[in-house]
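Read off the chains here:
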Amino acid sequence: MSSQSDQQQKLEKILIVDDNEQTATFIKFLIDEAGFICKVANTANKALEIIRSEAIDLVLLDVVMPDMDGITAAGTIKSISGKEFIPVILVTALSADEDKVAGLTHADDYITKPFSGDELLARIGSLLRIRRLHKELSLSKFRYQSLYENFPHLYISVDEDKKIVDCNRFFRETFDVTRDEVAGQYIHSFFKSEEAEMFEHFLRSFAISDIPMVHQGVFRLNGPKQTEPRLINVKAVYIGEVESGLSTVIAMEDVTRQTQLQEQQKIARK
């Protein structure tokens, strides 16, 4: 029985781009034997057509092609793929350092002719593992963004300076604001003035820790277009400084109506 990784490997598609039929046939044999799906193009333009029309997991690209040099083609492939990582391995007879540097400007690896089948398959396997990790990371990021945007709580993210980096649609709808109107504002501007300092202490209390911690508190918030404050149960987690500038994610539940009902019930019981 094949493992899950073996089954995934059989679905990965490699595109060979080489106008030399003998070389292309040899590489195709290696790739077929290794269990990958294989496509062959004898020109760079044909390869670009294939990449635009179907999913390709890795490209083996000869540097010397009749219609376009491999280095230029590699750059075009990266442009087409956008944020998706499609590894490109240049297959070249050029061995000068300047040729290698020029190739790696757009490609992810190179292999010099003549090469062994084992070396080629090792380079293919290494880059495909990186591609799988890249896809997993992209999927995790998409799931996080979907949850962040659509979870029925008010979510905001702030940076180290307590400026808002992002907010979800429930926050925008509750306070009748757009993302552009909110981004860059200090989070304190949404709090009642007398509670802004309390909230500052709230954030500071766990930002000093290197360990992600969730803290909770109840505050009153005022949107820029609202006169009546909302009572908000705030949960915040400090995740530390990252490349995006994100420091803290704050989840807020509007408990205004719930609190009003509780007060009414207390009055009714008297």
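Right above here is the structure, for reference.
What you see as residue numbers is a count from 1 along each chain, following the sequence as written. Where local features are concerned, this predicted model is filtered to residues with pLDDT of at least 70; where side-chain atom pairs are given and counted, the filter is 80 or more; whole-chain, interface and lining totals use all residues. As a rule here, side-chain values cover all heavy atoms of the structure and leave hydrogens and water aside.

Enquirer: A description of the pattern of salt bridges should follow, citing residues and the corresponding values.
Expert: A carboxyl oxygen of Asp or Glu within 4 Å of a side-chain nitrogen of Lys or Arg is what we treat as a salt bridge. Applying the stated rule across the entire model yields 14 salt bridges. A salt bridge links Lys 39 to Glu 54; the shortest N-O distance between them is 3.5 Å. Of this pair, Lys 39 sits in strand β2 (residues 37-41) while Glu 54 sits in the loop between α3 (44-53) and β3 (58-62); the two residues are 15 residues apart in sequence, bridging distant segments of the chain. Residue Glu 173 pairs with Arg 169 through a salt bridge whose shortest N-O separation is 3.5 Å. Residue Glu 173 and its partner Arg 169 are both found in helix α7 (residues 169-175); the two are separated by four residues, about one turn of the helix. One network of salt bridges, in which partners are shared, links Glu 149, Asp 166, Arg 172 and Arg 179. A run of H or I in DSSP becomes a helix once it reaches four residues, and a run of E becomes a strand once it reaches two; helices and strands are each numbered from the N terminus.

Enquirer: Residue-level account of unusual backbone geometry, with values.
Expert: Residue Lys 113 is joined to Pro 114 through a cis peptide bond whose omega torsion reads -5 degrees. Tracing the chain through its elements places Pro 114 in the loop between β5 (109-112) and α6 (117-150). With phi around 70 degrees, Lys 162 is a residue other than glycine that occupies positive phi space. Within the secondary structure layout, Lys 162 lies in the loop between β6 (154-159) and β7 (164-167).

Enquirer: Before we move on, could you go through α6 and cite the residues and values that matter?
Expert: Helices are assigned an expected span. That span is 1.5 Å times one less than the residue count. For α6, built from 34 residues, the straight-helix expectation of 50 Å at 1.5 Å per residue is met to within 8% by its first-to-last C-alpha distance of 49 Å. Those residues of α6 that fall on the buried side of the exposure criterion are Gly 117, Leu 120, Ile 124, Gly 125, Leu 127, Leu 128, Arg 131, Arg 132, Tyr 148 and Glu 149. Only protein chains enter the calculation, and the probe is 1.4 Å; a residue is then buried if its accessible area is under 20% of its type maximum, exposed if over 50%, and partly exposed in between.

Enquirer: Could you give an account of the packing of helix α2 (residues 21-34) against α6, with specific residues and numbers?
Expert: How two helices pack is summed up by the angle between their axes together with the distance between the axes. Here, axes are lines fitted to C-alpha atoms. For helices the fit covers the stretch in contact, and angles between N-to-C directions go from 0 to 180 degrees. It is the contact of α2 with α6, at a shortest axis distance of 11 Å, that shows an interaxial angle of 60 degrees. Between α2 and α6, the angle falls in the class oblique. The two elements α2 and α6 meet at a crossing, and its hand is right-handed. Of α6, the residues touching α2 (which contributes Ile 27, Leu 30, Ile 31 and Ala 34) are Gly 117, Leu 120, Leu 121 and Ile 124. Orientation labels follow simple angle bins: below 35 degrees gives roughly parallel, above 145 gives roughly antiparallel, 65 to 115 gives roughly perpendicular, and whatever is left gives oblique. Here a crossing is taken to be left-handed if its near helix is turned anticlockwise relative to the far helix by less than a right angle, and right-handed if that turn runs clockwise. Should any heavy atoms of two residues lie within 4.5 Å, those residues are considered in contact.

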